[in-house]
Amino acid sequence: MSDSSHVNVPTAPVSQSPLARPAEPIQASTAPLAAACASVALDLYFPGTLRDVEQAAAAKLPPHTLMTRAGTAIAEWLYGRLPALATAGRQPVLLLAGRGNNGGDAYVAARALHRRGVLVDVWQLAPPTADDARWALADALAAGVPIRAVPDIWPQPSSYAWIVDGLFGIGLSRPLEGPAAALVDNIAYAHTQGTPVLAIDIPSGLTAATGVVAGSVIHADVTMAMLGATPGLFTGVGRDFAGEVLVATLGADDVLAATRSALPDESAITTSAPAAFLAHLPQRHHATHKGTYGALAVLGGHEGMIGAPLLSARTGLMTGAGRVYVGFVAHDAPAWDPAHPELMLRHAENLDLSTMQAVSIGPGLGTSAASAACLSRALALDHTPLVIDADALNLLAAEPSLAERVRRRAGPTVLTPHPLEAARLAGCDVARIQSDRLASARALAQHFGATVVLKGSGSIIDDGTRAWINTTGNAGLATAGTGDVLTGAIGALLAQGMPATQAALAAVWLHGRAAERCEREGAGPAGLTASELLPAIRAELADLLNEVTPSTPFAPPPRGIPAGPA
């Protein structure tokens, strides 16, 4: 593909007075938009699958139907959000067209807006090569839409009411260069100066499958994904560049459903939502006691890192565990927690782990010989649900014999690495992990026979067969201790009998929602502390439990959870 900005565009008569043109109503696109939200799971598709869907859907329809619906959906959405100057034809909308079908969608949108009396300016990066896009260009020119090559001189950023990015689609897999990169950089600058941007399918420069950016990229306020959304919009830096994600299925829901049902489980990716775990949340009944909801042990807290396991343990209480113990590696650890005297504090060697319903190990653990011995004791619990985090993960990376014991475990295991810890476990660098977060999480899950939570923007939860991308949370979580909070939440849900994957899904979702709640209440994202998440997690959990109506009488907890005194 040529990135040259010098193209020959056929001339056509252009109305000098868009207001004089009789306004035509934009035809219904038969494509109601769905906004991606954390409460409802959204199916995600890799680019190759979406191309198959597009071909199958197009084969059932008259020529150019899908492109007409896509462009119309863009115009419908955009027209409702234009300022008064733009709808009066006095401030233009800039549409950028590449040579592929994204450019074709932009031509159709430009034609629809033009016929509504909106002043449009279409810049063509390269002539269209696809049949649908060539048709859309000819149709726009015939309607009097002004189309020209990308100019050498960029106008004032405030010249346009909106910019529509139709340059590159989901097939882009290389960094932008030359005139294309220069154009994208100019759009990015205009965005920083306050001009809103709508991206078609994906912001140009963002990799659809992975959310990776290797060069110039457009920063969108809104991305409208046609047919289906891709994983790269929701993980890595994709969340920052995509903005709000809307999906227009273009009337191809039957093809999407058939394609989805034909995918093997290992290829199925969705965003995480309560439907994936709600049925497994432990319900509260009157005829219960503290033993009903399990005993959780949190192991860690080397010298100088006492706070980490305390954060985890306090979260365990707030997430519903019946009893929570802390086992410190440090010998000078406190005897009690004045903030939460409900916690039972011990030296790690003095905790009877065989009486626990779940164990979380790693927060502040350190990597000393005593730390390794503590991890070894936890791994001796072959059937007890185990959460492995932080320095416990670093010990696994450093000691192959410990890692092999994790692989041989019969009980549920949840690993919660951030990218650096994942890189150590995989024997690579962080860039390799982040270059394909989905593949990295899958490889670790299959290698260890565990559920893996690869933390970061758009955390990946993978059980070796299925993958979910979490969409809750904000930048407030980028502070010390929030990972320890997540470890305690997962451990508490495991102690209450939730399956490992559902416990991880629920805890990650609640963790992110808690950060959002804190921000709504004025705490963060800058300056949010990990401790502030705890009551917010409890509130979010209460909201979820209030949505569930128990339909079965109380059943005793699994594996004979003891009811005796602490």
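Residues numbered from 1 in each chain as written. Predicted model: local features only at pLDDT ≥ 70, side-chain atom pairs only at ≥ 80, totals over all residues. Heavy atoms only, no water.

Helices and strands together make up the secondary structure of the chain, namely 18 helices and 19 strands. Relative to the globule expectation of 24 Å for 566 residues, the C-alpha radius of gyration of the chain, 27 Å, shows essentially globular dimensions. Each of the three principal axes of the chain carries a C-alpha extent, and together these read 85 × 50 × 45 Å. A buried classification covers 57% of the 566 residues belonging to the chain. A separation threshold of at least 6 residues defines the contact pool for the chain, and within that pool the share at least 24 residues apart is 76%. Accessible surface, the chain as shown: approximately 22000 Å² in total, 54% of it carbon and sulfur. Separation between the mean location of the 36 positive side-chain charges and that of the 47 negative ones in the chain comes to 3 Å. (Helix = DSSP H or I, 4+ residues; strand = E, 2+ residues; numbered from the N terminus. Rg over C-alpha atoms; globule rule 2.2 N^0.38 Å. Buried < 20%, exposed > 50% of the residue type's maximum accessible area, 1.4 Å probe, protein only. Contact = heavy atoms within 4.5 Å. Areas by Shrake-Rupley, 256 points an atom, 1.4 Å probe, with all protein chains shown as cover. Lys, Arg positive; Asp, Glu negative; His and termini not counted. Charge placed at Lys NZ, Arg CZ, Asp CG, Glu CD.)

Let us look at the sheet that holds strand E1 (residues 33–35). With respect to topology, eight strands assemble into an open sheet ordered E1-E9-E8-E7-E6-E3-E4-E5, the strand pairing being mixed. Strand pairing shows two members of the sheet lacking a second neighbour, E1 and strand E5 (147–149), which therefore form its edges. Sheet twist, expressed as the mean angle between neighbouring strand axes with direction ignored, is 25°. Examined bridge by bridge, strand E7 (residues 197–200) and strand E8 (residues 222–226) share three bridges and lie parallel to one another. (Pairing = 2+ DSSP bridges. Axes fitted to C-alpha atoms, helices over the stretch in contact; angles between N-to-C directions.)

Let us look at the packing of helix H11 (residues 390–398) against helix H13 (residues 419–426). Taken N-terminus to C-terminus, the directions of H11 and H13 make an angle of 20°; their axes are 8 Å apart at the nearest point. With respect to H13, the element H11 is oriented roughly parallel. As for the relative orientation of H11 and H13, their crossing is left-handed in sense. Here Ala390, Leu393, Asn394, Leu396 and Ala397 of H11 come into contact with H13, specifically with Glu421, Arg424 and Leu425. (Parallel < 35°, antiparallel > 145°, perpendicular 65-115°, else oblique. Left-handed = near helix turned anticlockwise from the far one by under 90°.)

Our next topic: the nonpolar core. Among the nonpolar cores identified, the biggest contains 107 residues, and Leu95, Leu233, Ile361, Ile388 and Leu396 are the most heavily contacted of them. The element best represented in this core is helix H2 (residues 65–79), accounting for eight residues. Ignoring any residue separated from it by four or fewer positions in sequence, one finds Leu396 in contact with Leu375, Ile388, Leu402, Ala403, Val406 and Leu425. Listed in part, the 41 residues of the second largest apolar core include Leu296, Leu493, Leu494 and Met498. (Core = buried A, V, L, I, M, F, W, Y, C linked by side-chain atoms within 4.5 Å.)

Attention now moves to helix H4 (residues 101–115). Taking 1.5 Å per residue, 15 residues should reach 21 Å; H4 reaches 21 Å between its end C-alpha atoms and fits that length. For H4, the tally of buried residues reaches 13 of 15 residues, placing the bulk of the element in the interior. Following H4 by one or two positions, Gly117 adopts a phi angle in the positive range, close to 90°. (Expected span 1.5 Å × (residues − 1).)

Strand order across the open sheet formed by eleven strands is E2-E10-E19-E18-E17-E16-E15-E14-E11-E12-E13, with mixed pairing between neighbours. Only two strands of the sheet have a single partner each, and these edge strands are strand E2 (43–44) and strand E13 (344–347). Relative to strand E12 (residues 323–328), strand E11 (residues 295–300) runs parallel, the two sharing six bridges. When the sheet's bridge partners are listed, Ala295 is paired in E12 with Arg323. Here helix H9 (residues 307–318) sits on the sheet and contacts E11, E12 and E13; the angle it forms with E12, its principal contact strand, is near 170°.

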